[in-house]
Amino acid sequence: MKSSAFRRTTTTTVLAAGLTAALALTGCAKTEDDAAGDTSSAAGGDTGQIVATPAPGGGETCTVEQFGGTRTDLATATVGFSQSEKEANPFRIAETASIKAEAEKRGVKLLTANAQTQFSKQISDVQDLIAKGADLLVIAPLNSDGWGPVLRAAAARKIPIVTVDRKINATPCEDYVSFIGSDFVEQGRRAADRMIEATGGRGEVAILLGAAGNNVTTERTKGFKDQIKAEAPGLRVVFEQTGEFAREKGQQVTEQLIQSNPDITGIYAENDEMGLGAVNALKGAGKKPGDVKIVTVDGTRNAVRGIVDGWISGVIESNPRFGPLAFATLDAFTKGEKVAQDIVIQDSAYTEENAKSGLGKAY
């Protein structure tokens, strides 16, 4: 069964009328092949985030007055950034580099912390950023739940929080200001579309699940399974196990998968690192490129190169370059402008047709 072509997100969100023109901003970051923490520009075209179908007036908004804070000048503020995971993952390297580069560009004092994939450390990290004088916070959450201690500490000082790439389960414009990220359900649907095309809509598929406890894993899984059920009943999901968004774990799980399901048709990896781990496992098992169809989510350079080499059938982009959009949101908010509570970005995709030309855009 032939599915619909890759779709683009059409989720309508709003920042503020005066900000709309500023949202198509260019960020930059290095790939995992470069040194972590280097914030110089990567080669290759416009790689910045664009809000998906911005339409002033659509969606819930927040102002500093509604939040209960006071107007400030971002240029004189101190911003704290909490990274969730070890910066061995190209997504995290690119995300942190983008935040640092935009802070430097704007001349904003930036305090940073890395939780090293430990949620208890991230909670203490953010509390420490507050203690050190952060006026505003940008958080890349490891988990969606368990943020009570941080939210209470921030509320006591009326510190605005913007979360990026993952949501926290809390009340917008009360506990935090805005979430900036992708439509993860739509990413799952688009990954399913690509899997259907690659497999002809028949066979058995495995899912390498992301880490438990956050909305990204839940929503990417839902989008994929719902779309498979609706569009390709001849394609069955027969295996699901977490690879924890890590390459090594993705390889281990795929090695187990090959033992139990040697004739598996396809693997949906909920990030590139797990997908690359799956490739390693398939190579170790003597498989050839294309024997098992692999679809991943992120857009790292090594995954896109995997398409060029024939090991990966498609990559749905999840753009990590949050710096320009996060700071534009904070700037508008602190000036008293309306900002959207949910700011959904537009993601592209890589296929056999554009992978080689798109390597320069990948991170």
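Refer to the structure presented above.
All figures in this text were calculated on a predicted structure; none of them were measured in a lab.

A. Here's a closer look at the sheet that holds strand β4 (residues 136-139). Pairing is parallel across the open sheet formed by 6 strands, whose spatial order is β3-β2-β4-β5-β6-β13. Edge strands, defined here as strands with exactly one partner in the open sheet, are β3 (109-114) and β13 (342-344). On average, adjacent strands in this sheet sit at an angle of 15 degrees to one another, irrespective of strand direction.

B. Highlighting the packing of aromatic side chains. In total, this model carries 5 aromatic pairs according to the counting rule given. An angle of 80 degrees between the planes, with centres 5.4 Å apart, marks the rings of F119 and W147 as edge-to-face. One end of the pair, F119, is in helix α3 (residues 119-131); the other, W147, is in the loop between β4 and α4 (148-156), and 28 residues separate them in sequence.

C. A look at helix α5 (residues 184-199). In this model α5 runs 22 Å from its N-terminal to its C-terminal C-alpha over 16 residues, within 8% of the 22 Å that 1.5 Å per residue would give. By the criterion of burial, α5 is predominantly enclosed, with 13 of the 16 residues buried. At the N-terminal boundary of α5, the capping side chain belongs to D183, with an oxygen 3.3 Å from the backbone nitrogen of V185. Once α5 finishes, G200 follows within two positions and takes phi at roughly 75 degrees, a positive value.

D. Highlighting the sheet that holds strand β7 (residues 203-209). Read from one edge to the other, the open sheet built from 6 strands follows the order β8-β7-β9-β10-β11-β14, with strand pairing classed as mixed. Of all strands in the sheet, those bounded by a partner on one side alone are β8 (235-242) and β14 (349-350). Where β7 lies against β8, 7 bridges are found, and the strand directions are parallel. Within the sheet, the bridge partner assigned to G203 lies in β8 and is L235.

E. Quick look at the environment of G107. If you trace the backbone, G107 turns up in the loop between α2 (90-106) and β3. G107 sits in the exposed class, given a relative accessible area of 55%.

F. Region of interest: the packing of α2 against helix α10 (residues 323-334). Running from N to C, α2 and α10 cross one another at 50 degrees; their axes reach a closest spacing of 8 Å. With respect to α10, the axis of α2 lies oblique. Classified by chirality, the crossing of α10 by α2 is right-handed. The segment α2 lies against α10, with S98, I99, E102, A103 and R106 engaging G323, P324, A326, F327, A328 and D331. Of the residues contributing to the contact of α2 with α10, the split by class is 6 nonpolar, 2 polar and 3 charged.

G. Structural view of unusual backbone geometry. Of note, Q116 is a non-glycine position whose phi angle comes to about 55 degrees, a positive value. Mapped onto the fold, Q116 is located in the loop between β3 and α3. Accessibility expressed as a relative area gives 33% for Q116, which makes it partly exposed. Even without being a glycine, F245 presents a positive backbone phi close to 60 degrees. Its place among the elements puts F245 in the loop between β8 and α7 (247-260).

H. Representation of the nonpolar core in the model. Core analysis: the biggest nonpolar cluster contains 49 residues, and L137, W147, I267 and I312 have the highest contact counts within it. Looking at this core, the element that brings in the most residues is helix α8 (residues 272-284), giving 6 residues. Setting aside chain neighbours within four positions, we find I267 in contact with M195, A206, L208, T254, L257, A278, V292, K293, I294 and V295.

I. The side chain of E270, seen in detail. Position of E270 among the secondary structure elements: in the loop between β9 (266-269) and α8. Here E270 sits buried without a salt bridge, and the closest side chain of opposite charge, R220, lies 6.5 Å off (N-O distance). Once you skip the residues sitting within four places of it in the chain, E270 turns out to touch I207, L208, L209, G210, T217, R220, T221, F245 and V297.

Cut-offs and rules
- Residues numbered from 1 in each chain as written.
- Predicted model: local features only at pLDDT ≥ 70, side-chain atom pairs only at ≥ 80, totals over all residues.
- Heavy atoms only, no water.
- Pairing = 2+ DSSP bridges.
- Helix = DSSP H or I, 4+ residues; strand = E, 2+ residues; numbered from the N terminus.
- Axes fitted to C-alpha atoms, helices over the stretch in contact; angles between N-to-C directions.
- Phe/Tyr/Trp six-rings, centres within 6.5 Å; stacked < 30°, edge-to-face > 60°.
- Expected span 1.5 Å × (residues − 1).
- Buried < 20%, exposed > 50% of the residue type's maximum accessible area, 1.4 Å probe, protein only.
- Polar contact = N/O pair within 3.5 Å; in protein donor to acceptor, adjacent residues only side chain to side chain.
- Parallel < 35°, antiparallel > 145°, perpendicular 65-115°, else oblique.
- Left-handed = near helix turned anticlockwise from the far one by under 90°.
- Contact = heavy atoms within 4.5 Å.
- Nonpolar A, V, L, I, M, F, W, Y, C, P; charged D, E, K, R; others polar.
- Core = buried A, V, L, I, M, F, W, Y, C linked by side-chain atoms within 4.5 Å.
- Lys, Arg positive; Asp, Glu negative; His and termini not counted.
- Salt bridge = Lys/Arg side-chain N within 4 Å of Asp/Glu carboxyl O.

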